[in-house]
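# Descriptive analysis of the structure
Read off the chains here:
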Amino acid sequence: MAGAGKPYKRKEQIGDCTLYLGDCLDVMPTLGEVDAVVTDPPYGIGLKTNNLRFSGGKEENAQQRSKRAGPAGGSKILNDDKPFNPSPLLKYGQHQIIWGWNNFPDLLPRGASLIWLKRNDGAFNTFLSDAELAWLSKGHGVYCCRDLSNAAITLNRKHPTQKPLSLMRWCLGFLPNSQTILDPFMGSGTTGVACVQLDRKFIGIELDPDYFNIACQRIEEAYKQPKLFPVEKPKKPVTLDMFKGEPA
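Here goes a summary of the coordinates provided. (Residues numbered from 1 in each chain as written. Predicted model: local features only at pLDDT ≥ 70, side-chain atom pairs only at ≥ 80, totals over all residues. Heavy atoms only, no water.)

The next subject is the overall build of the chain. The number of helices and strands found in the chain is five helices and nine strands. For the chain, the α and β elements follow one another from N to C terminus as β-β-α-β-α-β-β-β-β-α-β-α-β-α. By residue count, 44% of the 248 residues in the chain fall in the buried class. Summarising the internal contacts of the chain: among those between residues at least 6 apart in sequence, 69% fall at separations of at least 24. (Helix = DSSP H or I, 4+ residues; strand = E, 2+ residues; numbered from the N terminus. Buried < 20%, exposed > 50% of the residue type's maximum accessible area, 1.4 Å probe, protein only. Contact = heavy atoms within 4.5 Å.)

As structure tokens, then:
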């Protein structure tokens, strides 16, 4: 436990967002009810976030990398060097969205797949991953979102694995009835910012004090911005599941 009789080192209330600095395994059992978990945990793959090892084949690329080592300066991801077990997250909320599903597929039951396409077709198979995969606890369809917005802020991201804000709003669209969202691996607070924009309540937990401070700042700033995103259900893609039971 974090000490002083509390399972966390610090707690901040910012609007409808409650943020905890601490270990999620300590904090989560003390929380009240939540409607859903939406999170991007450490995948347990020992990801090397320092991109200086890539030459890119061009001198100007090398010069650019010398300025920054990669997103968030190539910072390490806490606990990414250990196998990740998503099972404890399944106890919280009616539904869960967990990114990195392909790294621990045997530890989650059957569900739907959310696919983030990170680049255009012409760039497929050229550099690292073309897409990332999340598990959605309800349904069994496959849904895709092409979002290239991270490319424009590569050197300005606050966390090395920071997801696009627009992508997290898309995720929340699959949970239209979930008003209180828990992110046990809050990072720089992108899910929290998405919740602010969509008028959801948010509970975030982060172990790293630097990222915790960044999340607090980003969420405070989000509350100062005008609400530009109407709350609506996502347009459901056409899948084979829709036609089950239909006459041939």
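Extensive coverage of helix H3 (residues 165-172) is indicated by the burial of six of its eight residues. Along H3, the residues classified as buried are Leu167, Met168, Arg169, Trp170, Cys171 and Leu172. Considering only its buried residues, H3 is in contact with strand E3 (36-39), strand E4 (95-99), strand E5 (112-117), strand E7 (142-146), strand E8 (180-183) and helix H4 (190-197).

This part covers the pairing of E4. Within E4, four of the five residues are buried, which leaves it mostly tucked inside the rest of the structure. Where E3 meets E4, four bridges bridge the pair, whose relative direction is parallel. Its bridge partner being in E4, Ala36 is matched across the sheet by His95. Looking at chain direction, E4 and strand E6 (residues 131-136) are connected through three bridges and run antiparallel. (Pairing = 2+ DSSP bridges.)

The subject of this paragraph is the environment of Lys118. Relative to the helices and strands, Lys118 resides in the loop between E5 and E6. Separated by 30 residues in the primary sequence, Lys118 and Leu148 place their C-alpha atoms 5.5 Å from one another. Among residues more than four places away in sequence, those in contact with Lys118 are Ser129, Asp130, Ala131, Glu132, Asp147 and Leu148.

On to the packing of H3 against H4. Where H3 meets H4, the closest approach of the two axes is 9 Å, and the angle between their N-to-C directions is 65 degrees. Handedness of the crossing formed by H3 with H4: right-handed. Counted together, Leu165, Met168, Arg169 and Leu172 of H3 and Thr190, Thr191, Val193, Ala194, Cys195 and Gln197 of H4 form the full contact between these two elements. (Axes fitted to C-alpha atoms, helices over the stretch in contact; angles between N-to-C directions. Left-handed = near helix turned anticlockwise from the far one by under 90°.)

With that out of the way, let us pick up the environment of Asp183. Mapped onto the secondary structure, Asp183 falls in strand E8. Aside from chain neighbours lying at most four places away, what touches Asp183 is Val38, Thr39, Asp40, Thr191, Phe202, Ile203, Gly204 and Ile205.

To continue, consider the state of the cysteines. Going through the model one piece at a time under the given rule, you end up with zero disulfides. We note that Cys216 lacks a disulfide partner, and the nearest cysteine sulfur, in Cys17, lies 9.8 Å from it. (Disulfide = S-S within 2.5 Å.)

Now for the pairing of E8. In E8, alternate side chains face the same way, and those of Thr180 and Leu182 on one face and Ile181 and Asp183 on the other are all buried. Where E3 meets E8, two bridges bridge the pair, whose relative direction is parallel. Paired with Ala36 across the strands is Ile181, a residue of E8. Here four bridges tie E8 to strand E9 (residues 201-206), and the two strands are oriented parallel to one another. Along E9, the bridge assignment pairs Thr180 with Lys201. Handedness of the crossover is the feature at issue here: the chain leaves E8, passes through H4, returns alongside E9, and the resulting connection is right-handed. (Right-handed = clockwise from strand over helix to strand, strands pointing away.)

Quick look at the side chain of Lys163 now. Position of Lys163 among the secondary structure elements: in the loop between E7 and H3. Side chain to side chain, Lys163 and Asp40 meet in a polar contact 2.7 Å long. Engagement of the side chain of Lys163 in a polar contact is seen with the side chain of Glu132, the distance being 2.9 Å. Excluding residues within four positions of it along the chain, Lys163 makes contact with Asp40, Tyr43, Trp99, Trp116, Glu132, Asn150, Met168 and Thr190. (Polar contact = N/O pair within 3.5 Å; in protein donor to acceptor, adjacent residues only side chain to side chain.)

With that out of the way, let us pick up the packing of H4 against helix H5 (residues 209-224). The geometry of a pair of packed helices is captured by two quantities: the angle between their axes and the separation between those axes. Where H4 contacts H5, the axes come no closer than 9 Å and their chain directions differ by 15 degrees. Regarding the angle of H4 to H5, the classification is roughly parallel. By crossing handedness, the relation of H4 to H5 is classed as right-handed. Every residue of H5 that contacts H4 at Thr190, Gly192, Val193 and Val196 is listed here: Arg218, Ile219, Ala222 and Tyr223. Residues that form the contact of H4 with H5 fall into these classes: five nonpolar, two polar and one charged. (Parallel < 35°, antiparallel > 145°, perpendicular 65-115°, else oblique. Nonpolar A, V, L, I, M, F, W, Y, C, P; charged D, E, K, R; others polar.)

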